[in-house]
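# Notes for the structure review
One letter stands for each residue in the lines below.
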Amino acid sequence: MKRNMIKLAAGAAALLMMATSAEAGYAMKKKVGNVDTKLIFYGFAQLDAIGGEGMQIKKAKSVEKASSNIGFRAQRIRLGWKYIAGNLRGKVFLDFNQAATGNGADANGAAIPKLVKDAFISYVVDPALVIKAGLIKMPNGMGFTMPGWNLDIAERGMDKQLVLERNTGLMLSGRDMFLGNNGKVNGFEMGHERPWKGFGYDIMIANQANRGKASKKSSAFGGNSYAVRGMFDYTEKLHIEASYGLSENADGKDGLNTNGVDYSNINVGVDSNLGALSLKGEYFNASNINGIEDYDESVFTGTAAYFVTPTLEVVGKHIQASATKGANADATNLGNTYLGLNIFLSTPYQDFSRKSKRMRNQHKVVLNYIVASGAGATETGADKWSGLSGYRANAFIAQYQFKF
């Protein structure tokens, strides 16, 4: 494994030396017959210092079992490449912070080691029809389908656990429809990367969804998963989307001799960029988590971010969740509030368009303090939080991110 990583690093260095242009990553161009082709190499890393009582509870299950006040981690270490040839596209994206072999490396649904985050081909028939096949983010969850380097805070919140995650299957997509011709559809879209005017959609069928926490993996291919999403954009000032996702036999049984319970969720999201100010809201309603009937969870997130200067952004994000584990169980509640500063060390653009904001993420420092609230934040008793994740006490994260 180590030898393969050395080879990949050497290849990456050679590719950077030969790069002819820099845009989103570094690109090489080559003409094959009468077809213009392009290979784009890119990546990013996020290095964190973490601590506080809430982080200790998450990692050691209780404060009493925790032994350190501060720890360090690499949240993401990713390298990838995109290939373009006429209407054909290809993408591979790797995370060296994930297992490639051994325990936990392979999820039966995705059928590909977790080291591989994305690996798909696509064909752009028209902006209204893009065909993708391979390992892809399922179109379920507005925040989840935006890239990890473009987050408002240092990590994804507890709502991320409810998505169908990545999966291997077939997806049909369309963007910039009916009021269109306002943006470039390049065939790599997973969320709302660029501002358009008009409607968009995604429809995906895949293997059983089990890379996330909400659906267990079967000993064999125990079913399929499905997701459908519709969206409307009016420039970068308004994005609205709604999706529905379902994974069969989410209890981890094979579904052949049992009547497994399906996991499903509904997601609605709104995103608005208003110059220096940006606002987001998102809602999940999930049913039968891990195939447990009436194990339900709902999560609302609200985010406000404001650029005080082109190099300093103030962010507040509140996540409010409610979970009921079983028909006769009482609902438990938990709130997490992220208070943060984003300090941008590279500011190639001084304006506040969505594109300019994304470009600032090449080099940044993120400082977050997380405040836990609600009865579910208690460690014991009937009110103890029964949802899939979340901080039950206060915590902090300091992150450095670089991207090319």
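In the block above lies the structure referred to throughout.
A brief structural summary.

## Thoughts on the pairing of strand β2 (residues 25-32)
- Looking at chain direction, β2 and strand β3 (residues 35-51) are connected through seven bridges and run antiparallel. Note that in β3 the partner of A27 across the bridge is I40.
- Linkage of β2 to β3, two consecutive antiparallel strands, is achieved through a turn of two residues, within which G33 is found at a positive phi near 65 degrees.

## Things to note about the packing of aromatic side chains
- Enumeration over the complete set of coordinates arrives at ten aromatic pairs.
- Centre to centre, the rings of Y42 and F93 are 5.2 Å apart; their planes meet at 25 degrees, and the pair counts as stacked. You can see Y42 sitting in strand β3 and its partner F93 sitting in strand β5 (residues 88-95), a full 51 residues away along the chain.
- For Y42, a relative accessible area of 9% gives the class buried.
- Between Y338 and Y391, the aromatic rings sit 6.5 Å apart at their centres with planes inclined by 75 degrees, giving edge-to-face as the arrangement. Of the two residues, Y338 is situated in strand β16 (residues 332-344) and Y391 in the loop between β17 (363-373) and β18 (395-403); the sequence distance between them amounts to 53 residues.

## Some remarks on the nonpolar core
- Grouped together as the largest cluster of nonpolar side chains are 46 residues, with contacts concentrated most on M138, M158, L162, Y263, V299, Y391 and I397.
- With four residues, the single largest contributor to this core is strand β15 (residues 312-325).

## Thoughts on the pairing of strand β6 (residues 116-126)
- Strand direction decides the pairing type here: β5 and β6, joined by seven bridges, are antiparallel. Looking at the pairing, L94 lines up with V116 of β6.
- Two strands pair when backbone bridges link them, and β6 and strand β7 (residues 129-137) are joined in this way by seven bridges, in the antiparallel orientation. The residue bridging V124 from the neighbouring strand is V130, located in β7.
- Between β6 and the antiparallel strand that follows it, β7, lie two residues.

## So, the side chain of R354
- Mapped onto the secondary structure, R354 falls in helix α3 (residues 354-360).
- Buried and unpaired, R354 has no salt bridge, with D271 as the nearest side chain of opposite charge at 4.6 Å.
- Within polar-contact distance, the side chain of R354 engages the backbone oxygen of R194 at 3.1 Å.
- Each residue touching R354, except ones within four places of it in the same chain, is listed here: H192, E193, R194, P195, E236 and N273.

Reading guide: rules and limits
- Residues numbered from 1 in each chain as written.
- Predicted model: local features only at pLDDT ≥ 70, side-chain atom pairs only at ≥ 80, totals over all residues.
- Heavy atoms only, no water.
- Pairing = 2+ DSSP bridges.
- Helix = DSSP H or I, 4+ residues; strand = E, 2+ residues; numbered from the N terminus.
- Phe/Tyr/Trp six-rings, centres within 6.5 Å; stacked < 30°, edge-to-face > 60°.
- Buried < 20%, exposed > 50% of the residue type's maximum accessible area, 1.4 Å probe, protein only.
- Core = buried A, V, L, I, M, F, W, Y, C linked by side-chain atoms within 4.5 Å.
- Lys, Arg positive; Asp, Glu negative; His and termini not counted.
- Salt bridge = Lys/Arg side-chain N within 4 Å of Asp/Glu carboxyl O.
- Polar contact = N/O pair within 3.5 Å; in protein donor to acceptor, adjacent residues only side chain to side chain.
- Contact = heavy atoms within 4.5 Å.

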